[in-house]
Amino acid sequence: MKKKILRPFDYYVLLFFTAAFTGWIWEVLLYLVTAHAFVNRGIYRGPYLPIYGIGSVILMLVFHKLRRHPFWVFTLSTLVCTTLEYFSGMWLEWKWGVRWWDYSGHVCNINGHICLTSSIGFGLGGVVLICIFQPIFNTFYHRMTLKQRILLCLVCLFVFIADATYATVKPHTGQNISTTCSYCFHSNIHVTALL
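Residues numbered from 1 in each chain as written. Predicted model: local features only at pLDDT ≥ 70, side-chain atom pairs only at ≥ 80, totals over all residues. Heavy atoms only, no water.

Attention shifts here to the packing of aromatic side chains. For the structure on display, the rule yields 15 aromatic pairs. Note on tyrosine 11 and phenylalanine 137: the rings are 5.2 Å apart at their centroids and 80 degrees apart in plane angle, and the pair reads as edge-to-face. Within this pair, whereas tyrosine 11 is found in helix H1 (residues 9-34), its partner phenylalanine 137 is found in helix H4 (residues 116-143), the two being separated by 126 residues in sequence. Summarising the burial analysis for this pair, tyrosine 11 and phenylalanine 137 share the class buried. Ring geometry for phenylalanine 71 and tryptophan 72: centres 5.3 Å apart, planes at 75 degrees, overall edge-to-face. The exposure class of phenylalanine 71 is exposed, given its relative accessible area of 57%. Put simply, the rings of Tyr11, Tyr12, Phe133, Phe137 and Tyr141 pair up and form one aromatic cluster. Lying over the aromatic face of tyrosine 11, arginine 7 brings its terminal NZ or CZ to 4.6 Å of the ring centre. (Phe/Tyr/Trp six-rings, centres within 6.5 Å; stacked < 30°, edge-to-face > 60°. Helix = DSSP H or I, 4+ residues; strand = E, 2+ residues; numbered from the N terminus. Buried < 20%, exposed > 50% of the residue type's maximum accessible area, 1.4 Å probe, protein only. Lys NZ or Arg CZ within 6 Å of the ring centre and 35° of its normal.)

Have a look at this one:
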């Protein structure tokens, strides 16, 4: 019987911030290429998108044993991340009446929260994360001392908590970042109309 691998808490904290930062870079680069403008994406001011961090931690926790089976990693990552994106989009809209992404013009979209292209991207991202990135991340993680990892975690958490507290009062919105909704149903139903 194979022994279950339990990772320390700092492993997941560092994975979260690495993935959140990588997701931020990905979206900034997308806007640089498509809109020819620098856009600090997301609800926070800092260079991170927590949805990427949360998704990566979930995928790593659930699918790390499948890294030799990229087809299953792709399929399951597509399902998990698409579901996460859909409900995150609904919650953000319900909470602040703002859309931070809108796929309404894309093929096979559902209420503009998800679409086929982004779902395929999530599947490919899951394969990259589990099958390619995980061994590289593990190498860097184990090269750091415990003291270095704890210090890095504390700094990242402090900055993130301060940013999250500020964003609770004043979320990051603006041109190319969000679209304010023309009306919101505040009964846990997603918003269906945009300005």
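Leftover empty space is mapped by rolling, across the atoms, a probe with the size of a water molecule. A volume near 1,600 Å³ is recorded for the largest pocket. Considering the residues around the largest pocket, the lining is formed by 49 residues, among which Trp26, Glu27, Ile51, Tyr52 and Phe122 are closest to the centre. Looking at the lining of the largest pocket, the elements that each hand over two or more residues are H1, helix H2 (50-63), helix H3 (70-96), H4 and helix H5 (146-169). (1 Å grid on protein atoms, 1.4 Å probe; cavity = no way out; pocket = protein on both sides within 12 Å on 5 of 7 lines; lining within 4 Å. Points joined across faces, edges and corners; volume = space filled by probe spheres on them.)

Attention now moves to the side chain of histidine 64. Of note, histidine 64 is situated in the loop between H2 and H3. Of the residues examined, histidine 64 reaches a relative accessible area of 16% and is grouped as buried.

The next subject is the nonpolar core. Grouped together as the largest cluster of nonpolar side chains are 33 residues, with contacts concentrated most on Leu15, Tyr44 and Ile130. Secondary structure elements with two or more residues in this core: H1, H2, H3, H4 and H5. Examining the composition of this core, we find that 8 residues originate from one element, H1, more than from any other. If near-sequence neighbours (up to four positions away) are discounted, leucine 15 is found in contact with Ser56, Val57, Met60, Leu129, Phe133 and Phe137. (Core = buried A, V, L, I, M, F, W, Y, C linked by side-chain atoms within 4.5 Å. Contact = heavy atoms within 4.5 Å.)

For the structure shown, the criterion picks out 0 disulfides. Note on cysteine 156: no disulfide assigned, nearest cysteine sulfur contributed by cysteine 153 at a separation of 6.9 Å. (Disulfide = S-S within 2.5 Å.)

Time to look at a nonpolar patch on the surface. Nonpolar side chains collect at one region of the surface, where Phe21, Ile25, Leu29, Leu32, Val33 and Phe38 lie side by side and expose about 560 Å² of accessible area between them. Following the sequence through the fold, valine 33 ends up in helix H1. For valine 33, a relative accessible area of 62% gives the class exposed. (Patch = residues over 30% accessible without salt bridge, like charges linked within 9 Å, V, L, I, M, F, W, Y side chains within 5 Å. Areas by Shrake-Rupley, 256 points an atom, 1.4 Å probe, with all protein chains shown as cover. Salt bridge = Lys/Arg side-chain N within 4 Å of Asp/Glu carboxyl O.)

Our focus in this paragraph is H5. Compared with an ideal rise of 1.5 Å per residue, which puts 24 residues at 34 Å, H5 spans 35 Å between its outermost C-alpha atoms and is within 8% of the ideal. Along H5, the residues classified as buried are Arg149, Cys153, Phe160, Asp163, Ala164 and Ala167. Those residues of H5 that are buried lie in contact with H1, H2, H3 and H4. (Expected span 1.5 Å × (residues − 1).)

Moving on, we get to the packing of H1 against H4. For the pair H1 and H4, the least separation of the axes is 12 Å and the interaxial angle reads 120 degrees. Viewed along their axes, H1 and H4 adopt a mutual orientation that is oblique. Crossing angle aside, the handedness with which H1 passes H4 is right-handed. Residues Asp10, Tyr11, Leu14, Leu15 and Thr18 of H1 form the contact with H4, whose participating residues are Leu129, Phe133, Gln134, Phe137, Asn138 and Tyr141. Residue classes in the contact of H1 with H4 are distributed as 7 nonpolar, 3 polar and 1 charged. (Axes fitted to C-alpha atoms, helices over the stretch in contact; angles between N-to-C directions. Parallel < 35°, antiparallel > 145°, perpendicular 65-115°, else oblique. Left-handed = near helix turned anticlockwise from the far one by under 90°. Nonpolar A, V, L, I, M, F, W, Y, C, P; charged D, E, K, R; others polar.)

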